Every structure is written in C-alpha cells, then in structure tokens.
Amino acid sequence: MSICLNAKYLENFIKDYEFENIFPFIQKAHEIINNKTGAGNNFLGWLNLPVNYNKEEFERVVKAAEKIKKDSKVLVVIGIGGSYLGARAVIEALNSPMHNLLREDVPKIYFVGNSISPTYLNDIIKLCKDKDFSVNVISKSGTTTEPALAFRIFKKMLEDRYGEQGAKSRIYCTTDKEKGVLRSLALKNGYETFCVPDDVGGRFSVLTAVGLLAIAVSGLNVNRLMEGAAKAMADFSICDLNKNCCYKYAAIRNILHRKGKMVEMLVSYFPNLLLLGEWFKQLFGESEGKDGKGIFPASAIFSTDLHSLGQYIQEGSKILFETVINIKSPKEDFYIKQVEDNFDGLNFLANQNMGDIVQKVLKATVLAHTSGMVPNVILELERLSEFEVGYIIYFFEKACAMSGYLLGVNPFNQPGVESYKKNMFALLGKPGYENVRASILGNI
Ligand code: PA5
C-alpha cells in the first residue's frame, strides 16, 4: 500500500469498539457506493475512472500536451474550483510551487479565471507578452463567470497575435460533451475539445482531461498518475477497516466529528503540498458542507503555520483534529554540516539530513498537539511521485464519498455554490435577474 494510516496517536480519543460500532454503517455506505443506489449516484463516474477512462481521449490529451510543449512557452489554464485546483495541486506537489521559475524545458503554466482580480489578470497578460502561448479553458458548465471572463480576454489576445486561424490551433476547450456555451463555441470555431464526463463532478475530475492536460504539459507522467489511482481503486475496494485505510480514515473522521470535532486540518510539512490542501478543502467542503452539517475542512503547512496557528491548535477551543500527511523521503535532501566555531549553536543538528529533522519536528508536534487534546491521524507515504499522488487523489475521493454517506448527505451536489452566483448576476445586471436585484438592493 502506498499510504499507511498511523492511528497510534488516536488511542486516547477513539476506542477499538467504536470502530466495531461504526462498521455496519461503513458496510451500508460501501454497498450504496458500489451498487450506485445512494443520493447523487449519477455522479459516481470517478469510482472506476482509473481503469475505465476514455483511452482515445487520453491519447489526444498526451498528444496535445506534446504540441503545446513544442509551440508554446506559456500555457494559460483557465478554470475555477474543480476545473482548476486538481491540476495545480498535482503540478506543485510533484514539480514545485516554483516550477515556473525552475523549469526551462517545459512551458510556464499560469492559472487564471479563479478570481476576478484585474491586477492578477494584468500580471498574467504581462507574462504572456512576446511569448508564444496556448490556452486551455476548462468549464464543465461552460457558463461560470470568472473563467468565461478570463477566456474572453485571452481568446482576443490569441486572435490579435496569431489571427483567427492561428488562434484556433492554440485553444483547447475542456467542457461538457454536448451542452454549454463553450461546447457550441468550440464546435463553431473548430477548437480541439476534451470532455468532462457527465458522471464526474468538478471536484472529482482531476484524473480526466480537466487536470491531465496541464499536468502532462508540466512534464509529469500521467500514465503513472493513473496507475497510482488504479492501485488505490483496487486497495480500497475491500470493506474491511483493517485492510482498507481509506475507509478507516472516513470512520475516524466520522467518530471524531460525533465527539464535537468540527474542523479537520490537513497538515503537511512541505510547501509543495499547499495546493493539495486547497484541493482537499474543495473536495470535502463542497461534498459534506450541506443540510447544516459537515466538518469544516482547513489546511496548514508546518512549520510555517506552527508560528501562526500553532498557539490556537495547542490551547484554543477543542474543535479540531489534524490529518497529517507525512512524506518520509524528500525528493532532494540537504545534509547539515558541522561549523567550526558553532557560531549559531546549531552543531547539535549537524551530521544529519534535513529530512530526518523534519521527522523529529513532526513527531514533537504530534505529541504536543495530542497532549493538548487535538487528535492526530497520520497518513504516511515513503515518497511522492506521480504514482503516489494518483493514489492519494483516489484515497481522498473515496474517503470523501464514504464520509458524505456516513454523515447522511449527498456528497456529489453543491447547491449552495449557486447562491452567490444568483446575487452576483443580479448586481451585475444579467438579464433575467431583475427580481433578485430588486430584492437584494432592498436589503443593502
Ligand atoms: O465541484 C464542482 O462541481 C464545482 O466547484 C465546479 O468545479 C466549479 O464551480 C467550476 O464549475 P465549471 O467547471 O462548471 O466552470
């Protein structure tokens, strides 16, 4: 198994019989996931995706990535939420948050359309100036305002730079297979298109063309990513808490939540996992946070956040538990040498790798936090490569589905996301929203 769930530090928080007590509920949820009989069951396409994906499209994605690598210095990826976070999380986890500064052999990858900040947009426009670039616009609905607005701008830039014909070969649309403005435009203009499968929701779509094109452009091996996910799919198909750490994790979350833990903080000691934390927050936040229920998903990078949130975690309200991702062997390590005059008093750290020091800081922190009555569950991985990241993605996706059913919600819809959109359209004067506008202006 690529992930080893270390529950050693939960001994004071969860007793063995509690796992026995929750097991019938796990069994029931396992059944409704597999038989596709639960709420939102038409969005279970991610379940078998690691083996049952569209191979023809996968090859086209890889081919498109090769073309972009040859003809572009920059790839602008336009999308928001599930149409953005997964790709960025994978690229940063495996390359680096600084990949655009460090890698000269692959195009720079910039993500836009995830805010409406004109300052950010202008910065990206400046970065594309005088550089050959391509655009991958991703929107399942094809109507989300933030990416649509950004696409309007980058489409015009491409057309001005390369002419309509030239622009055509630099625009890649990832959208619904039939519906939506983006699909119609792609058909009309002859853009290369990829599909977001009908039965895969945005936040579960990283292993489709949604995530894979940018990931492949960044130089990563998408085959290995799928293989890792396929291994996880096999490992997590067994309904046994001693053999299936994904279900065990979901059980732990639910047991702790019932004991009043309202917040889960996904912790890691590696800044390259910052975006994985953002992806995790969307996955669990949109899947569980409904009907007045749900664990609030948060994330932190230690040691950074030990010096900001550490005080709260240790001594503040006892509302949270931590899920710690521990990567035991860093991609590159750093050996600490003796310094002759020991000017900084740090020679006690000498003659070891920084990776070993991280392990000690992690252990020290877990011990401190658990003694401060903050339960800690540790997800241990030997290393991080495409295989492990594919594995982790599937681990969290399945744990999320299991958690949602244990909580009694539909894990696959997100009705709440629409509320702000309705008000936004009304305030921006979109036709059809006049009544909403009148009602909210009365409230302001
Ligand atoms: O999980 C979801 O489905 C959403 O968060 C979407 O990913 C997000 O709203 C973007 O939607 P779209 O891809 O339709 O532009």
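The structure under discussion appears in the preceding block.
**Student:** Residue-level account of unusual backbone geometry, with values.
**Tutor:** The amide bond that connects Phe302 to the next residue, Ser303, takes the cis arrangement and shows omega of 5 degrees. Among the secondary structure elements, Ser303 is positioned in the loop between strand S8 (296–301) and helix H12 (310–315). Positive phi, normally seen in glycine, also occurs at Asn342, with a value near 45 degrees. A relative accessible area of 28% places Asn342 in the partly exposed class.

**Student:** A description of a nonpolar patch on the surface should follow, citing residues and the corresponding values.
**Tutor:** Together, Met98, Leu101 and Leu102 make up an exposed nonpolar region whose accessible area comes to about 370 Å². Within the element layout of this structure, Met98 appears in the loop between helix H3 (85–94) and helix H4 (99–102).

**Student:** Go over the packing of aromatic side chains, please, and point to the residues and values.
**Tutor:** Considering all chains together, one arrives at 20 aromatic pairs under this definition. Both rings, one in Trp46 and one in Phe204, keep their centres 5.1 Å apart while their planes meet at 25 degrees; by these two values the pair is stacked. A residue pair is termed long-range when its members are at least 10 positions apart, and Trp46 in the loop between helix H1 (16–34) and helix H2 (55–71) and Phe204 in the loop between strand S6 (192–195) and helix H8 (209–217) qualify at 158 residues. A ring pair is formed by Trp46 and Tyr394, whose centres lie 6.0 Å apart and whose planes are at 55 degrees; its orientation type is tilted. Highlighted residues: Trp46 in the loop between H1 and H2 and Tyr394 in helix H14 (residues 386–407), separated in sequence by 348 residues. Assessed through its relative accessible area of 1%, Trp46 is described here as buried.

**Student:** Explain the site of the ligand to me, using residue names and the numbers behind them.
**Tutor:** In the vicinity of the ligand, 13 residues are found, and the nearest of them are Ser83, Ser139, Ser141, Thr144 and Gln282. Ser141 places a polar side-chain atom, nitrogen or oxygen, 2.7 Å from an oxygen atom of the ligand. Side-chain polar atom of Glu286 to an oxygen atom of the ligand: 2.9 Å apart, as the coordinates give it. Coverage of the ligand by the protein chains reaches 89% of its 380 Å² of free accessible surface.

**Student:** So what's going on with the pairing of strand S7 (residues 263–268)? Which residues, and what values?
**Tutor:** Taking burial as the measure, the six residues of S7 include six buried ones, the bulk of the element. A two-sided burial pattern is seen for S7, the buried positions comprising Val263, Met265 and Val267 on one face and Glu264, Leu266 and Ser268 on the other. Examined bridge by bridge, S7 and S8 share six bridges and lie parallel to one another. By the bridge assignment, Ser268 is partnered in S8 with Ile301. For the crossover that starts at S7, traverses helix H11 (residues 274–288) and ends in the parallel S8, the hand is right-handed. Note that S7 and strand S9 (residues 320–327) share six bridges and pair parallel. Residue Glu264 lies in a different strand from S9, and its bridge partner there is Phe321.

**Student:** Summarise the side chain of Asn244; cite the residues concerned and give the values.
**Tutor:** Take Asn244: it is sitting in the loop between helix H9 (222–235) and helix H10 (245–258). Only 3.2 Å separates the side chain of Asn244 from the backbone oxygen of Phe236, close enough to count as a polar contact.

**Student:** Just give me the short version of the sheet that holds strand S4 (residues 133–139), but keep the residues and values in it.
**Tutor:** Read from one edge to the other, the open sheet built from five strands follows the order S3-S2-S4-S5-S6, with strand pairing classed as parallel. At either end of the open sheet lies a strand with only one pairing partner, and these are strand S3 (108–112) and S6. Averaged over neighbouring strand pairs, the angle between their axes works out to 20 degrees when direction is ignored. Pairing between strand S5 (residues 171–175) and S6: four bridges, direction parallel. From the neighbouring strand, Thr174 faces S6, where its bridge partner is Phe194.

Definitions and cut-offs
Residues numbered from 1 in each chain as written. Predicted model: local features only at pLDDT ≥ 70, side-chain atom pairs only at ≥ 80, totals over all residues. Heavy atoms only, no water. Helix = DSSP H or I, 4+ residues; strand = E, 2+ residues; numbered from the N terminus. Buried < 20%, exposed > 50% of the residue type's maximum accessible area, 1.4 Å probe, protein only. Patch = residues over 30% accessible without salt bridge, like charges linked within 9 Å, V, L, I, M, F, W, Y side chains within 5 Å. Areas by Shrake-Rupley, 256 points an atom, 1.4 Å probe, with all protein chains shown as cover. Salt bridge = Lys/Arg side-chain N within 4 Å of Asp/Glu carboxyl O. Phe/Tyr/Trp six-rings, centres within 6.5 Å; stacked < 30°, edge-to-face > 60°. Near = heavy atom within 4 Å. Polar contact = N/O pair within 3.5 Å; in protein donor to acceptor, adjacent residues only side chain to side chain. Pairing = 2+ DSSP bridges. Right-handed = clockwise from strand over helix to strand, strands pointing away. Axes fitted to C-alpha atoms, helices over the stretch in contact; angles between N-to-C directions.

That's the geometry; what it means functionally is another story.
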